[in-house]
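The primary structure of each chain is shown beneath.
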Amino acid sequence: YQLDPAWRDPTQIAPGNWNHPDCLSNHWLLIRVAEQLAGGRAIHHNALYYWPVGDMPVLAGNGSEGILYLPFHLLLGWPAGVSFYALLVLSLNGISGFALARAAGAERWASLVAIGVTGVAPYTIQELSSGRFNQVSIFWMLFSLASWIALPIAFMASSILPAAW
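Residues numbered from 1 in each chain as written. Predicted model: local features only at pLDDT ≥ 70, side-chain atom pairs only at ≥ 80, totals over all residues. Heavy atoms only, no water.

On to the overall build of the protein chain. Within the protein chain, the secondary structure is distributed over eight helices and zero strands. Scanning the protein chain from its N terminus toward the C terminus, one meets helices and strands in the order α-α-α-α-α-α-α-α. By the burial criterion, 39% of the 165 residues in the protein chain qualify as buried. At a minimum sequence separation of 6, the contacts of the protein chain that also span at least 24 residues come to 58%. Working note: accessible area of the protein chain is about 9,500 Å², and carbon and sulfur atoms make up 68% of it. (Helix = DSSP H or I, 4+ residues; strand = E, 2+ residues; numbered from the N terminus. Buried < 20%, exposed > 50% of the residue type's maximum accessible area, 1.4 Å probe, protein only. Contact = heavy atoms within 4.5 Å. Areas by Shrake-Rupley, 256 points an atom, 1.4 Å probe, with all protein chains shown as cover.)

Rendered as structure tokens:
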């Protein structure tokens, strides 16, 4: 995985393992979706991807990720925007891991371990190597699980419930 060189010179090197066959196409799709959205064009179908049939970028992975990547692309362009976007996603993964550990009942200091485990998990780093940004964004799932676990606790602690329950 090539994140360190990308962070050293984000204007020249994009993150990813460029020996991986999916890396180029996934970066291309991420950029294409961002440029389509910036130009006010639709992303529901892309005839240039998997020519001649085409594909739906929103369903093909990085289409949905291109929406979140758009502000980075507009501010920094490619490849610098991808490096900072990857940093944000990895940071959110770590924070959501901490939130999940706390919701599951772990103490504050013990929950710090979850930051490292979810922030730079081998699975997410491998997926980042191939440019599959949509599979790196596990923070959606982790925040959802943390909320789901914390919801009954918050509900039972509220004064809405009868005292007998």
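As a further point, take the nonpolar core. Counting residues in hydrophobic clusters, the biggest one holds 14 residues, and the most contacted among them are Y69, Y85, L128 and F133. Of all the secondary-structure elements, those providing two or more residues to this core are α2 (21-38), α3 (62-76), α4 (80-103) and α7 (133-136). Counting residues per element, this core draws most heavily on α4, which supplies five residues. A103, I138, L142 and A146 belong to the second largest nonpolar core, which has five residues in total. (Core = buried A, V, L, I, M, F, W, Y, C linked by side-chain atoms within 4.5 Å.)

On to α4, then. Over its 24 residues, α4 extends 35 Å from the first C-alpha to the last, a length consistent with the 34 Å expected when each residue adds 1.5 Å. Taken from the residues just after α4, G105 is the one with a positive phi, measuring 105°. (Expected span 1.5 Å × (residues − 1).)

Okay, the confidence of the model for the protein chain next. Of all residues in the protein chain, 81% attain a pLDDT of 70 or more, and the chain-wide mean is 79. Mean pLDDT in the protein chain bottoms out at helix α1 (residues 3-8), which sits at 71, and peaks at α4, which reaches 91. (pLDDT = per-residue confidence, 0-100.)

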